[in-house]
Amino acid sequence: MARLADYFVLVAFGPHPRGSGEGQGQILQRFPEKDWEDNPFPQGIELFCQPSGWQLCPERNPPTFFVAVLTDINSERHYCACLTFWEPAEPTQEAVCTEDAPEREEEVDEGGPVRLSPAAPGPPGQLFAPKTLVLVSRLDHAEVFRNSLGLIYTIHVEGLNVGLENVIGNLLTCIIPLAGGSQRTISLGAGDRQVIQTPLADSLPISRCSVALLFRQLGITNVLSLFCAALTEHKVLFLSRSYQRLSDACRGLLALLFPLRYSFTYVPILPAQLLEVLSTPTPFIIGVNAAFQAETQELLDVIIADLDGGTVTVPECVHIPSLPEPLQSQTHSVLSMVLDPDLELADLAFPPPTTSTSSLKMQDKELRAVFLRLFAQLLQGYRWCLHMVRIHPEPVIRFHKAAFLGQRGLVEDDFLMKVLEGMAFAGFVSERGVPYRPTDLFDELVAHEVARMRADENHPQRVLRHVKELAEQLYKNENPYPAVAMHKVQRPGEASHLQRVPRPFPRLDEGMVQWIVDQATAKMQGAPPAVKAERRTTVPSGPPMTAILERSSGLHGNSARRLEVVRNCISYVFEGKMLEAKKLLPAVLRALKGRAARRCLAQELHLHVQQNRAVLDHQQFDFVVRMMNCCLQDCTSLDEHGIAAALLPLVTAFCRKLSPGVTQFAYSCVQEHVVWSTPQFWEAMFYGDVQTHIRALYLEPAEDRDPSQLGEAPAQDERSALDVASEQRRLWPTLSREKQQELVQKEESTVFSQAIHYANRMSYLLLPLDSSKSRLLRERAGLGDLESASNSLVTNSMAGSVAESYDTESGFEDAETCDVAGAVVRFINRFVDKVCTESGVTSDHLKGLHVMVPDIVQMHIETLEAVHRESKRLPPIQKPKLLRPRLLPGEECVLDGLRVYLLPDGREEGAGGSGGGPALLPAEGAIFLTTYRVIFTGMPADPLVGEQVVVRSFPVAALTKEKRISVQTPVDQLLQDGLQLRSCTFQLLKMAFDEEVGSDSAELFRKQLHKLRYPPDVRGTFAFALGSAHTPGRPARTTKDKGPSFRTLSRNLVKNAKKTIGRQYITRKKYNPPSWEHRGQPPPEDQEDEISVSEELEPSTLTPSSALKPSDRMTMNSLVERACCRDYQRLGLGTLSSSLSRAKSEPFRISPVNRMYAICRSYPGLLIVPQSVQDNALQRVSRCYRQNRFPVVCWRSGRSKAVLLRSGGLHSKGVVGLFKAQNAPSPAPALPLGQSQADSSSLEQEKYLQAVVSSMPRYADASGRNTLSGFSSAHMGSHGKWGSVRASGRSGGLGADVGSRLAGRDMLSSPQANGAPPDPGFLRPHRAALYIIGDKAQLKGVRPDPLQQWELVPIEVFEARQVKASFKKLLKACVPGCPAAEPGPASFLRSLEDSEWLIQIHKLLQVSVLVVELLDSGSSVLVSLEDGWDITTQVVSLVQLLSDPFYRTLEGFRLLVEKEWLSFGHRFSHRGAHTLAGQSSGFTPVFLQFLDCVHQVHLQFPMEFEFSPFYLKFLGYHHASCRFQTFLLDSDYERIELGLLYEEKGERRGQQACRSVWEYVDRLSKRTPMFYNYMYAPEDTEVLRPYSNVSNLKVWDFYTEETLAEGPPYDWELAQGPPEPPEEERPDGGAPQSRRRVVWPCYDSRPRAQPDAISRLLEELQRLETELGRPPERWKDTWDRVKAAQRLEGRPDGRGIPSSLLVSSVPHHRRSLGVYLQEGPVGSTLSLSLDSDQSSSSTASGSRQAARRSTSTLYSQFQTAESENRSYEGTLYKKGAFMKPWKARWFVLDKTKHQLRYYDHRVDTECKGVIDLAEVEAVAPGTPTMGAPKTVDEKAFFDVKTTRRVYNFCAQDVPSAQQWVDQIQSCLSDA
């Protein structure tokens, strides 16, 4: 029972003490005047009566009512019901407010509108003051309060004849029951009657309609986020203009939180004076009048719910975690079903006529029911995670949060984590954890309805039914008696507050009220207390918990098999079968990633512990420790799956004897885990153990009884601790005091003994083995100042190999490290303090514990010292020896091997993926850094893979990205620092440093690597550092002749040029196909003065400032020696003269204008320009072009004589000047100087282009028919300007087409599918003489003049940075850093497509093919893109490669690269980021892209290239490797400056390392034919037109394949090993020397293991045949016949007709196939020795001839030697001699030799027997004998009778038997 009201207070307006304009509340009277003992008078009521402040009002407002809530110091809530009315202000009050009355008028209370009613009484100046009646109560009966206060007000206003004192006295003495569903009628003595209903259960909150209103105001999503915010302890603020709404909203939110209680600040109505409370740091739920919204704006971390506007504003810095799925979405949908039942029916074609909507009160309960269900689902099974720490005298209960989260599968869930850590949940545990107490609706729900809720999940109607049932119960709880008796309470009349001026509220008689109160209390004392006994029961626990969302454990789907593996491994370990265990260990370590396997491990190990101890030998100990470490490393600090808890007893049980009296336990090796330093883990473990012991304490007596009386003894034992506790609590009151004391003591000593036990355990796991020199590892969470100095890595083993590195690494002062003991003591003391105070250990005991802890730690340190000493004596585990890598000559080791693990990356093959083969990675070994490479050498970590050596390396210069990673080592599964290095040669080193590698060594490695990768100067690169003969920067030798005359220069130049002209053809002859000699004739030897030198030196061209000093007279000779000149002479472009009339017939000349690199730094010294252009004009022309790269000729078509020119892009000035000045050809003299200069240079440019055009024979011929000038402008126009940027109205057929194709829109208009080149007829006969291919952006708005003979072709090109970005993505696609999420080709193809690399290749090929077309049809082309050194170079080189077969030879390709890439200044160093300066720009593989294009062409025309695809990969690798000086620096100018370009002829460098890649290729080619393409058989049609569509392109295998046997195969010396006899295999690293060779994908280079090109082709042929469904011919015997033919061929140089043997098997659409086969004693890895005898005709030096010879003669012998010898052949069964069985043999009838031979099988080369046909007498039908084949028709048998014996034969069927007989007969008759 409780008082309905504690105090009645009358509060009125009073002046502010400081005289400010505001008034303040004054308590006029309060009843009773002295405080109740059990309930003191609350402070601050006067603030809460008028939350917006006390103010006077210009008119009389209607009375208002609201309930404010105050919370006292004991967190009891007091409900203050306030009824406010207005009375005319007294003069004293008015005086206060006159000075600022104008302002006051606006601030009417409640922010309501000022109602000036005409009936408002009183003079116009009259003001009204508020007065408030307040009831203070601890009960929440708002309606009763409203009625009671209303009654008092009515009595006062209406002047009823009732004493107010009586009413108030009755109100204060009214006693009502608290709960239990009783009903009480009360009357206050004014003829009134009220019925009060109390709820059935006190614990359920009462919400009336507040929840439903809250949802109506804010909506589902907003309320859900407020709900989550309140649960996760955020600050929530409600705003509304109505106080009643504020208190309802707060009440509703609290009702939703049930069964949790909100324990923070709760103020539904906050007075204005207290607004600063909103800045409090603690969470709160507060309501504030909307008038103060402005003050709430600057609150940064408060969630504001505006009830009037229906919005919830969450600040940016606040994150509200949402409910875990699927609960969030389920709750949302159920709420919408409750709030909006029509939603389900909205789409029905025939909706039901009416739907029943619940009343507001009912809807309120339904909404609450949804949340009640939600909590039951969230907290399902919570009772299984309660730890009973004490039962008597009071229960102490702890909640095992980690286990709960782990078992519900919600460890990562932010929401539940925060809820469980919150105060509300702590209250929930202490209140609801109690095992013996009254239960309520929630307990029932969480215990019994979980299964139902699970089953209903997918049935909305069933869910709704459940919600409605729950709502019924909630409703019944609030309204137990539905038929309520009528209230009867008087109310004032309508608008009575306006009618008349009543007297002010009277002062009441305190004495009279007090007397009534006293009388009532006296009466109460006499009456017996009406206590309704609470029904207390054991709280049901419900079913054990399940995961909230069954996670699909696809990862460990085959878990039963995994557990089997774990069990087997453990049993092997304990049975001593170490080898078996070792085999299983990797699988076990993998399996232990799964939770089930970890649990299984703990259980299995438990079985092997007897009496808390298990002594193991060293190997067993190692295995057990490794498995434990693997288990623990995945444990989080919470240990939510209880793995660490299960292992804790084991780590103190397993041990090994180190020496007599010294035992090492497993704990000293598993300390390195974060879980051991987490206080929460230890607390949960401690409480769990205490619970077990306390339960045992109360179970003992039961076990002692005789089992016969106890039928359920076993079941008794299974009672949970909660059941036991509940039973004990029930009995507690019945026990005697002594018994009670005894139980309390027993429990306390149990807790105390466990505390000692845990102090020991903690010291075991926190004190490192070597406490003197602890390696201070990372500070571990929760240890505060204990930097755990542990070493879980030191098992028997590594102690030896690691011990020394500890000393070097710790690097801390001794004094500091020795304090490990102190740190551990502090940690344990903190733990002991916490758990002992929580579990009620007496302070004396606690003091004793504090004394013991340091002793325990000290003792343990002493025992550890002995263990540490002994463990160091153990022989260390053998780590694999570090394998030293093989180095190149001149390559030096910078950093010696650091032990690392090479981890698998995304390439499948190394991990045993698609390519098959075992997983070579992870491998353990070491990383070496040399001046040239980064090299990993090692062995696979899995010992079962084999003894193979794994090598992965790449040149330092190729490193593109280096990032630190943190990875797990494959063996011990510990987190280690690692590095991931990625190179542009498509290698990736992802490695984890071994624990013996200190972080400083790793850092040193990174620094050194960085230093080598980006040397400050190009001289720091490996190619330079490698034995530089002379100081760079100075030419090799200075001569006496300091200033050579130009004449001497020219003389030398001529001499050398002449030498060059002849030499090229002579040296190449042996490789050129014969047709070459008859094609482009070289200039005859005797034309001495064909190349003469001009004598005039134009001073204008040589500006000394930028020129190179001609310090060496060799310069000019060397210029002529350069690649360019040799090529120009081959193309017939070269004369060096402009003066001699005889040479005028030559259209072009070689100009030395740039010999000092004065005009253009990035061009070569000698350039081809039109004959008619003077050198001094070139300087001016060059100004119009970027980087001064003016158009020069680089190639001339031998057939159409069209020329290909290249230049940089035009400067925009130049373009405008050239093409826009259409009216006046001469510059107007009035122009300012700058302008005219620009114009003059553009005029020069125009002249220059004109000169180019006229130098083409087709346009320069005398008749003028073909010259462009001969065309009329109309004629020109009629074809449309193709490629012009203007949107031209005419759709010129050719124009639109080619232009759009070039612009990359070929999909729409390409003339042929496949991106194939157009038909020659497609190109019109009337063409411009010169097409200028330029960048679309550059040529915008340019309108070429119709009379001009050149035409612009604008195309869109990609920039270098796009190439760079694309290459980055390509790298990631081909060599991903980690295995793909979805294995299979799809993800690779997707990332390949994203990279857009193939699209760029497509564009390049497309443009090149177009240029080839134009050149082929006789127009010249000028390629003028970007700066002229990236894409221009790519296009120009591709065009020449496609157009001219010479460039498809080895020599020609070298010339092409030297000329177009090196001489014309492609910036290799800049694009390759060779030096520190280029570091920011990064690697841009322009040259690699060109090689890729060449590779695509090579794939489509495999017989047109003399070099093999390997050659391209070789160049691709070495252009980035910096091994050779060839690809260094950005131009010839820079190379000359560094003295790189010309070596003196006299200098014989002997066998020193090659500096030039070409020299290296030449040397290598003498030893091996690896660069030659065996299929080289060039056609006569010179021009190649490859398909360019992306679908026709293939990913270059250079990007995807790798060899782990010796690293990339492009450094031949390394790959080859020491020279050996040719047929020996090279030894594989450390593998035993055996002839046997296993080839694994990705381990060995497959091409190297594949015998040679022909075998591969034949295999390919067979594959294609089977694909086409044709019966494959046995290529092997074809091959044998060929071999035999070759052996029979006697003449070393015999020539015959090459047979079309291979062609016959698969018709080739293009040509006959000529093939090289090289065979000879050359160490060729590609030759296939099928027989042992080598043909001795060829020697190493003559190997090329040999190869050439065999091409022509290989198949020629086939016809003569063997072909007709096999007249007829097939399979026959032959009866053996007497008593022998029938056997199938391959028979060959040979008419020539007149014999019938037979072989074992078709492919057999050795004849097994011969029947001489001369001896045959007759062939007759035979009969089946014993053992003959059963299925054969008997007519298929025939006999051959010879003079010696009768042969019995049987064919497969009758026709073939007949055929054999006929064939043999005809053979006999022929004879």
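Residues numbered from 1 in each chain as written. Predicted model: local features only at pLDDT ≥ 70, side-chain atom pairs only at ≥ 80, totals over all residues. Heavy atoms only, no water.

J.: Can you break down the overall build of the protein residue by residue, with the values?
T.: Check the secondary structure of the protein and you find 63 helices and 42 strands. Burial status across the protein gives 55% buried among its 1871 residues. Looking at the protein as shown, the accessible area adds up to about 81,900 Å², and 53% of this sits on carbon and sulfur atoms. (Helix = DSSP H or I, 4+ residues; strand = E, 2+ residues; numbered from the N terminus. Buried < 20%, exposed > 50% of the residue type's maximum accessible area, 1.4 Å probe, protein only. Areas by Shrake-Rupley, 256 points an atom, 1.4 Å probe, with all protein chains shown as cover.)

J.: Could you give an account of the nonpolar core, naming the residues involved and the relevant values?
T.: Soluble globular proteins tend to pack their nonpolar side chains together in the buried interior. Core analysis: the biggest nonpolar cluster contains 262 residues, and F227, F238, I285, F442, M628, F654 and W682 have the highest contact counts within it. Other than its neighbours up to four places away in sequence, M628 contacts L601, L605, L647, L650, V651, F654, A666 and V670. Core analysis: the next-biggest nonpolar cluster, separate from the first, contains 135 residues, V1192, I1333, I1355 and F1505 among them. (Core = buried A, V, L, I, M, F, W, Y, C linked by side-chain atoms within 4.5 Å. Contact = heavy atoms within 4.5 Å.)

J.: Please provide a residue-by-residue account of unusual backbone geometry, values included.
T.: P32 follows F31 through a cis peptide bond whose omega is -15°. Omega for the peptide link from H392 to P393 comes to -5°, which places this bond in the cis form. Relative to the helices and strands, P393 is located in the loop between β15 (386-390) and β16 (396-399). A positive phi angle, near 25°, is found at E1426, a position not held by glycine. In this fold, E1426 is placed in the loop between β35 (1420-1424) and α48 (1431-1443).

J.: Please give an account of the packing of α48 against helix α51 (residues 1486-1500) that cites residues and values.
T.: Packing of α48 against α51 leaves a shortest axis separation of 10 Å and a crossing angle of 25°. By the angle between their directions, the pair α48 and α51 is classed as roughly parallel. Helix-helix and strand crossings are classified by hand; for α48 and α51 the assignment is right-handed. In contact with Q1434, S1437, L1438, L1441 and L1442 of α48, α51 contributes V1486, Q1489, F1490, C1493, V1494 and V1497. Here the contact of α48 with α51 is composed, by residue class, of eight nonpolar, three polar and no charged. (Axes fitted to C-alpha atoms, helices over the stretch in contact; angles between N-to-C directions. Parallel < 35°, antiparallel > 145°, perpendicular 65-115°, else oblique. Left-handed = near helix turned anticlockwise from the far one by under 90°. Nonpolar A, V, L, I, M, F, W, Y, C, P; charged D, E, K, R; others polar.)

J.: I'd like a description of the side chain of D1427, backed by residues and values.
T.: By secondary structure assignment, the location of D1427 is in the loop between β35 and α48. By relative accessible area, which is 19% here, D1427 ends up buried. Beyond its immediate sequence surroundings of up to four residues, D1427 is in contact with R1186, Q1187, R1189, G1208 and G1209.

J.: Just give me the short version of the packing of helix α19 (residues 559-575) against helix α20 (residues 578-591), but keep the residues and values in it.
T.: For any two helices packed against each other, the geometry is given by the interaxial angle and the distance between the axes. α20 packs onto α19 with a crossing angle of 145° between their chain directions and a minimal axis gap of 9 Å. Considering only the axes of α19 and α20, their crossing is left-handed. Only M578, E580, A581, L584, A587, V588, R590 and A591 of α20 make contact with α19, whose side of the interface consists of R562, V565, V566, N568, C569, Y572 and V573. Residues belonging to the contact of α19 with α20 are distributed by class as follows: eleven nonpolar, one polar and three charged.

J.: Give me the side chain of T985: which residues, what numbers.
T.: The topology assignment puts T985 in the loop between β27 (975-983) and β28 (988-993). Among the polar contacts made by the side chain of T985, one reaches the side chain of S983 at a distance of 2.8 Å. Once you skip the residues sitting within four places of it in the chain, T985 turns out to touch F954, P955, A958 and Y1517. (Polar contact = N/O pair within 3.5 Å; in protein donor to acceptor, adjacent residues only side chain to side chain.)

J.: Tell me about helix α5 (residues 164-173), residues and numbers included.
T.: In terms of burial, α5 is a largely internal element, eight of the ten residues being buried. Of all the residues in α5, the buried ones are L164, E165, V167, I168, G169, L171, L172 and T173.

J.: Account for the sheet that holds strand β13 (residues 302-306), with residues named and values stated.
T.: Here five strands make up an open sheet; going across it, the order is β11-β12-β10-β13-β14 and the pairing mixed. Both edges of this open sheet fall to β11 (265-267) and β14 (311-313), since each of them pairs with a single strand only. Across this sheet, the average inter-strand angle for adjacent strands is 20°, counted without regard to direction. Bridge analysis of strand β10 (residues 235-240) against β13 gives five bridges, and the strand direction is parallel. Each residue of the ladder has a partner; that of V236, found in β13, is I303. (Pairing = 2+ DSSP bridges.)

J.: Go over the pairing of strand β42 (residues 1846-1850) with me, naming the residues and quoting the values.
T.: When you tally the buried positions in β42, you get four out of five residues, the bulk of the element. Two strands pair when backbone bridges link them, and strand β36 (residues 1768-1775) and β42 are joined in this way by two bridges, in the antiparallel orientation. Across the sheet, the residue bridging to K1774 is F1849, located in β42. As paired strands, strand β41 (residues 1837-1842) and β42 are joined by five bridges and run antiparallel to one another. Bridge pairing in β42 places F1838 opposite F1849. Counted along the chain from β41 to the antiparallel partner β42, the turn is three residues long.

J.: Can you lay out the sheet that holds strand β21 (residues 662-665) for me, pointing to particular residues and giving the numbers?
T.: Strands belonging to one sheet form pairs held by backbone hydrogen bonds; the direction of such a pair is parallel or antiparallel. Strand order in the open sheet formed by three strands is β19-β20-β21, with mixed pairing between adjacent strands. Where the open sheet ends on each side, the last strands, each with one partner, are β19 (614-616) and β21. The mean angle between the axes of side-by-side strands here comes to 40°, regardless of whether they run parallel or antiparallel. Where β19 and strand β20 (residues 654-659) come together, three bridges link them in parallel fashion. Of the residues in β20, the one forming a bridge with A614 is F654.

J.: Explain the packing of aromatic side chains to me, and be specific about the residues and the numbers.
T.: This structure, assessed with the given rule, holds 67 aromatic pairs. Geometry around F41 places R30 over its ring, the cationic atom sitting 4.3 Å from the centre. In this structure, R761 packs its charged tip against the face of Y758, placed 5.2 Å from the ring centre. (Phe/Tyr/Trp six-rings, centres within 6.5 Å; stacked < 30°, edge-to-face > 60°. Lys NZ or Arg CZ within 6 Å of the ring centre and 35° of its normal.)

J.: Residue-level account of the pattern of salt bridges, with values.
T.: Applying the stated rule across the entire model yields 71 salt bridges. With a closest N to O distance of 2.6 Å, D35 and R30 form a salt bridge. Here R452 and D456 are joined by a salt bridge, their closest N and O atoms 3.5 Å apart. Of this pair, R452 and D456 both sit in helix α15 (residues 450-456), separated by four residues, roughly a single helical turn. Overall, D456 belongs to the buried group, its relative accessible area being 3%. One salt-bridge network, in which partners are shared between bridges, spans D1127, R1130, R1206, D1444, K1459 and E1460. (Salt bridge = Lys/Arg side-chain N within 4 Å of Asp/Glu carboxyl O.)

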